[in-house]
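# Structure assessment
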Amino acid sequence: DSGVTQTPKHLITATGQRVTLRCSPRSGDLSVYWYQQSLDQGLQFLIQYYNGEERAKGNILERFSAQQFPDLHSELNLSSLELGDSALYFCASAEGGGLTGELFFGEGSRLTVL
Amino acid sequence: SQKIEQNSEALNIQEGKTATLTCNYTNYSPAYLQWYRQDPGRGPVFLLLIRENEKEKRKERLKVTFDTTLKQSLFHITASQPADSATYLCALLYNSGNTPLVFGKGTRLSVIA
């Protein structure tokens, strides 16, 4: 158990809909990272938050947004969903803002868009 | 942009043998290179980290090497066991501002009893 909690574990929705994925980092970790994993693309970095502030941004679509709340949990919002958004979405946490050590990953949220 | 190649999608080996996985990267060298294990439907789990000024790191049956001249890391599992069957991901961290870990697509290792 990494200590990172993600909900929901599975989500099935239709194209055009909006979903919210939630992540609680390990106790004491200030950074939260979101990654998308699909079969053909591997793990793709989406966005990082550190202590409530956006720290780094990857190839995150404009239809996607995220935030980190004062209690350090984070949410990833995916809107106007398309079939291609079907993937595993992972949250990971780390102690500091500049990564020098390991990332602790949650078990992921599997999104299926029909 | 940086490219990471893990040289084979899948690797099958006999139990008891040493598994060797390769991670190659292009352009400039990362400050850190990490290896993760991922089981189907699960999140990646950190295994080892090696810095650019280190040649080799060991942890129990695991060994990682880092050759900045060849732009390559090798990941070895000695005395492999069926329980070692998983996908192994190479990840690079660069010292250029707020860059995140960049992952390779992984190599799926199957250890056959």
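Summary of the structure given here. For clarity, every value in this text was computed on a predicted model and none was experimentally measured.

### What to know about the pattern of salt bridges
- The tally for this structure, following the rule as stated, stands at 10 salt bridges over all chains.
- A salt bridge links Lys3(B) to Glu5(B); the shortest N-O distance between them is 3.6 Å.
- Among the residues examined, Lys3(B) registers a relative accessible area of 48% and is labelled partly exposed.
- The exposure class of Glu5(B) is partly exposed, given its relative accessible area of 43%.
- Through salt bridges with shared partners, one network takes in Arg63(A), Glu82(A) and Asp85(A).

### So, the side chain of Thr22(B)
All names here are of chain B.
- For Thr22, the position within the fold is in strand E3 (residues 19-25).
- Judged by relative accessible area, which is 10%, Thr22 ranks as buried.
- Those residues in contact with Thr22 that sit more than four places away from it in its chain are Glu5, Gln6, Asn7, Trp35, Gln72, Ser73 and Leu74.

### Details of the sheet that holds strand E8 (residues 72-77) of chain B
Residues and elements named next belong to chain B.
- As summarised here, the arrangement of the 5 strands in space is E1-E3-E8-E7-E6, forming an open sheet in which the pairing is antiparallel. Each edge of the open sheet is held by one strand with a lone partner, namely strand E1 (4-6) and strand E6 (56-59). Strand-to-strand twist in this sheet, taken as the mean axis angle between neighbours without regard to direction, amounts to 15°.
- Sheet analysis places strand E7 (residues 62-67) next to E8, joined by 6 bridges and oriented antiparallel. Directly across from Val64, in E8, lies its bridge partner Phe75.

### Concerning the state of the cysteines
- Across all of its chains, the model carries 2 disulfides over all chains by this definition.
- Note on cysteine connectivity: Cys23(A) is disulfide-linked to Cys91(A), with sulfurs 1.8 Å apart. Disulfide Cys23(A) to Cys91(A): torsion about the S-S bond roughly -50°, handedness left-handed. Highlighted residues: Cys23(A) in strand E3 (residues 19-24) and Cys91(A) in strand E9 (residues 87-94), separated in sequence by 68 residues. With respect to burial, Cys23(A) and Cys91(A) carry one shared label: buried.
- Between the sulfur atoms of Cys23(B) and its disulfide partner Cys90(B) the distance amounts to 1.9 Å. Its S-S torsion of approximately -60° makes the covalent link between Cys23(B) and Cys90(B) left-handed. Separated by 67 residues along the polypeptide, Cys23(B) in strand E3 and Cys90(B) in strand E9 (residues 86-93) bring together distant segments of the chain. Residue Cys23(B) shares its accessibility class with Cys90(B), and that shared class is buried.

### Description of the nonpolar core
Residue and element names in this part refer to chain B.
- Ranked by internal contacts, the top residues of the largest apolar core, which has 23 residues, are Trp35, Phe75, Tyr88 and Leu92.
- Within the residue set of this core, elements represented by two or more residues are E3, strand E4 (32-38), strand E5 (45-51), E7, E8, E9 and strand E11 (107-112).
- Setting aside its immediate chain neighbours within four residues, Phe75 contacts Ala19, Thr20, Leu21, Trp35, Leu47, Leu48, Leu62, Lys63, Val64 and Tyr88.

### Digging into the interface of chain A and chain B
- Contact residues are listed per partner, giving 19 residues for chain A and 17 residues for chain B.
- Summed over the shared surface of chain A and chain B, the number is 1 salt bridge.
- Measuring nitrogen to oxygen at the nearest pair gives 2.9 Å for the salt bridge that ties Glu107(A) to Arg42(B).
- Counting across the chain A and chain B interface gives 5 residue pairs in polar contact (both at pLDDT 80 or more).
- Elements supplying a minimum of two residues to the side of chain A that touches chain B: strand E4 (31-38), strand E5 (42-50) and strand E6 (53-57) of chain A.
- If one sorts the elements of the side of chain A that touches chain B by residue count, E5(A) sits on top with 3 residues.

Parameters at a glance
Residues numbered from 1 in each chain as written. Chains lettered and ligands numbered in written order. Predicted model: local features only at pLDDT ≥ 70, side-chain atom pairs only at ≥ 80, totals over all residues. Heavy atoms only, no water. Salt bridge = Lys/Arg side-chain N within 4 Å of Asp/Glu carboxyl O. Buried < 20%, exposed > 50% of the residue type's maximum accessible area, 1.4 Å probe, protein only. Helix = DSSP H or I, 4+ residues; strand = E, 2+ residues; numbered from the N terminus. Contact = heavy atoms within 4.5 Å. Pairing = 2+ DSSP bridges. Axes fitted to C-alpha atoms, helices over the stretch in contact; angles between N-to-C directions. Disulfide = S-S within 2.5 Å. Core = buried A, V, L, I, M, F, W, Y, C linked by side-chain atoms within 4.5 Å. Polar contact = N/O pair within 3.5 Å; in protein donor to acceptor, adjacent residues only side chain to side chain.

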